[in-house]
Amino acid sequence: MCKKSLVALLLLLAMVGANAQEIPVKYSFGEKYNDRYKYSNLLTISNAEDGGTLLVRSYYTGIILKPKGYFIERYNKDLELVSEYNYKLRGRDLVEGYVKNGQLYLLFLEYNYLKTSYEYIVHRSPLEEFNFRKEILLSIPSAEVNNPLGKNYYNRNFSSGFTTTVLFNEDKSAFAISTHFKKRKNDQRYIHIFSASLQKLMSHDFSAEIEQKNYAFENIAISKNLDRAYLVGKAYFKKKRFSALERRFQYELVMVSGQGIKTQTFDGPGKYSEALKPILRNGKLLCIGFYADRKDSRYNGLGYFELDPGGLEINVKKYNPFSQQFMFDKFGKEYDKVIKNLVFKNVGFTANNDILFNAEEYFVTSSVQANSSGGRVRVNRYHHNDIVSAKLNAAGDMVWARNINKAEVTQGDGAYASYSAYTKGDNTYFFISTAAENPQLLNNERLIFKQGLSRNRNVFIIQLDGKGQMSYKKIIDDKEARLPLMVSKPLMNYGSDQMLFYAKRGTKKQLVQVSFL
């Protein structure tokens, strides 16, 4: 072995040894159960009010796989499967499911051909005995269009005639439905706010504001007494010319209340906001996200805005550029690289009200491939790459920012890709699932977690402490967990400091519980 290779090996062993320190978590496996549906997608996982867990999956059957219904599973607090229910319901697009007041709510967007309108319909049932009944929340006259529900992060399509978006707040106590209908000179935008029990709290005509801009909302915060909703998203400019690299939008905050609608913008000379998240905490309204120094797709740091919750005046505005440590984490010594495609994931707070902000490098690529019948088909690939984590103090100043190198791509169900994050005290814990046995060493100094090729997958936990120091550990070995975890769709139980993951492959399934000590 050459001297250079030996030094690299010793460095890797040293890093692995240093990072194999004790991370305060333990895990337990539920029993493995047989499952009748090999092909399905996990749609929602919720706490049942008896301390158990309720899951809803869409399932597919047939020689040509088609959606046939929704499979509901209920587990007790010991991770034991208590009951299953097959809700046979075809041709529906589930928007969201949640559990409140002893009932399961399933929100669908459907097209009514007799009335030529889109309808938001809720199917709800008591948990004790499933007996669903339907209720129409909204009906919007429109011709049928392709993909009306806005879910993508980039390049929203406003020319199809009808688009709509649904946003829930974090505890799912309320949600907003925005609708945009356009036909010739008729251009209408409405924002409706509902409580989790389906009471309409507010409804406002937003059409005047869209004469110059189209809005693609991304995040929401709602006050505790449900009298104000704060929506943040991209406002796309109309009838303006742009260069190929120039951004066509600005981020705006829209407040909906009983008094009407107010808006606030954030951009200033040489500062352009991106991926903002509204947060209500300790009587303050915060918006935190990224910013760029120019009108293109690159990011230069984190922005912090503190606003008056009633008038939306910006009281504090701070821009924190990415540090040299962060740039080295991501690119090593290639300083000419740029940062882009970052999507907000979650935010946590320490006891001192320091802010722990997490995001992911996410983008979509596509190509045309030949299919089995000799035709051509377009294939989309969803890239879930690097993890970005930053700590801001209570005043909005950056304490540190770190990049965790990760490379994952999927063509279908993204539940097994990406990551989940949990904040406890000053520490942030990231869970990733990979077929690789260990992270790779780059340039003898930087680590990267790659997707790997094996069918079985390991689960790693990465810890960032209060000083931004990174450590990691393989907590679940692929030989121990024969079923892959849906690592990006956990159930967070903050009261008990636990996370619950659903694991499934083919016709086998189980729950895996992770506890923080």
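Residues numbered from 1 in each chain as written. Predicted model: local features only at pLDDT ≥ 70, side-chain atom pairs only at ≥ 80, totals over all residues. Heavy atoms only, no water.

The next subject is the overall build of the protein. A count of helical and extended segments in the protein gives 2 helices and 35 strands. Taken across its 517 residues, the protein has 54% of its residues classed as buried. A separation of at least 24 residues holds for 50% of the contacts in the protein among residues at least 6 apart in sequence. For the protein, the exposed surface amounts to about 24400 Å²; the carbon and sulfur share of it is 48%. (Helix = DSSP H or I, 4+ residues; strand = E, 2+ residues; numbered from the N terminus. Buried < 20%, exposed > 50% of the residue type's maximum accessible area, 1.4 Å probe, protein only. Contact = heavy atoms within 4.5 Å. Areas by Shrake-Rupley, 256 points an atom, 1.4 Å probe, with all protein chains shown as cover.)

A word on the pattern of salt bridges. In this structure the tally under the stated criterion is 23 salt bridges. One salt bridge in this structure joins Asp329 and Arg402, with 2.5 Å as the shortest N-O distance. One end of the pair, Asp329, is in helix α2 (residues 324-331); the other, Arg402, is in strand β26 (residues 398-410), with 73 residues separating them in the sequence. (Salt bridge = Lys/Arg side-chain N within 4 Å of Asp/Glu carboxyl O.)

Looking now at the sheet that holds strand β28 (residues 427-434). Here 4 strands make up an open sheet; going across it, the order is β27-β28-β31-β32 and the pairing antiparallel. The outermost strands of the open sheet, each flanked by one partner alone, are β27 (420-424) and β32 (470-476). Between one strand axis and the next, the sheet turns through 25° on average, direction left out of account. (Pairing = 2+ DSSP bridges. Axes fitted to C-alpha atoms, helices over the stretch in contact; angles between N-to-C directions.)

Most of β27 sits inside the fold, with 4 of its 5 residues counted as buried. Bridge count for β27 against β28 is 5 bridges, and the pairing is antiparallel. Residue pairing for β28: Lys424 is matched across the bridge by Asn427. Adjacent in sequence and paired antiparallel, β27 and β28 are bridged by 2 residues, among which Gly425 carries a positive phi angle near 65°.

Burial analysis of α2 places 6 of its 8 residues in the buried class, which makes it a mostly covered element. Among all positions of α2, only Phe326, Met327, Phe328, Asp329, Lys330 and Phe331 are buried. Looking at the buried positions of α2, the neighbouring elements they touch are β24 (355-370), β25 (376-392), β26 and β30 (446-450). Residue Gly332 follows α2 closely and has a positive phi angle near 70°.

Moving on, we get to a positive patch on the surface. A grouping of Arg36, Lys66, Lys88 and Arg90 is seen on the molecular surface, where their side chains present a positively charged patch. By the element assignment, Lys66 lies in strand β5 (residues 66-75). (Patch = residues over 30% accessible without salt bridge, like charges linked within 9 Å, V, L, I, M, F, W, Y side chains within 5 Å. Lys, Arg positive; Asp, Glu negative; His and termini not counted. Charge placed at Lys NZ, Arg CZ, Asp CG, Glu CD.)

This brings us to the sheet that holds strand β14 (residues 200-205). Spatial strand order, β11-β12-β13-β14: 4 strands in an open sheet with antiparallel pairing. The two strands at the open ends of the sheet, each matched to only one other strand, are β11 (162-168) and β14. Going from strand to strand, the sheet's axes swing by 10° on average, the running direction of each strand aside. Here strand β13 (residues 186-195) runs beside β14; their pairing, made up of 5 bridges, is antiparallel. Counterpart to Ile193 in the pairing with β14 is Met202.

Counting across every chain of the model gives 39 aromatic pairs. Judged by centre distance (4.9 Å) and plane angle (5°), the rings of Tyr98 and Tyr105 are stacked. Across the pair, exposure class does not vary: Tyr98 and Tyr105 are buried alike. Plain terms: the ring middles of Phe322 and Phe326 are 4.3 Å apart, the flat faces sit at 15° to each other, and that makes the pair stacked. The exposure class assigned to Phe322 is buried, which follows from its relative accessible area of 12%. Here the aromatic cluster, defined as three or more aromatic residues joined through ring pairs, consists of Phe290, Tyr299, Phe322, Phe326, Phe344 and Phe357. The aromatic ring of Phe168 is capped on one face by Lys172, whose charged end is 6.0 Å from the ring centroid. (Phe/Tyr/Trp six-rings, centres within 6.5 Å; stacked < 30°, edge-to-face > 60°. Lys NZ or Arg CZ within 6 Å of the ring centre and 35° of its normal.)

Despite not being glycine, Asn101 shows a phi value in the positive range, around 55°. Its location among the elements puts Asn101 in the loop between β7 (93-100) and β8 (103-112). Within the chain, Ala275 stands out as a residue other than glycine whose phi angle is a positive 55°.

Our next topic: the side chain of Ser515. Relative to the helices and strands, Ser515 resides in strand β35 (residues 508-516). Classification of Ser515 as buried rests on a relative accessible area of 9%. Among the polar contacts listed, one links the side chain of Ser515 to the side chain of Gln498, at a separation of 3.2 Å. Ignoring any residue separated from it by four or fewer positions in sequence, one finds Ser515 in contact with Pro24, Val25, Lys26, Asp497 and Gln498. (Polar contact = N/O pair within 3.5 Å; in protein donor to acceptor, adjacent residues only side chain to side chain.)

Taken as a class, soluble globular proteins show a tendency for nonpolar side chains to be buried jointly. The biggest cluster of nonpolar side chains holds 24 residues, and the ones touching the most others in it are Phe290, Phe322 and Ile339. If you list the elements that add at least two residues to this core, you get β19 (272-281), β20 (284-292), β21 (301-307), α2, β23 (342-349), β24, β25 and β26. Within the second largest apolar cluster, 23 residues are counted, among which are Tyr98, Val122, Phe162 and Phe181. (Core = buried A, V, L, I, M, F, W, Y, C linked by side-chain atoms within 4.5 Å.)

Residues at a pLDDT of 70 or more form 89% of the protein, whose mean pLDDT is 86. Note that pLDDT drops below 50 for residues 1-18; the model gives that stretch 12 contacts with residues more than four away or on any other chain. (pLDDT = per-residue confidence, 0-100.)

Here Glu408 shows up in strand β26. According to the relative accessible area criterion, Glu408 is buried, its value standing at 5%.

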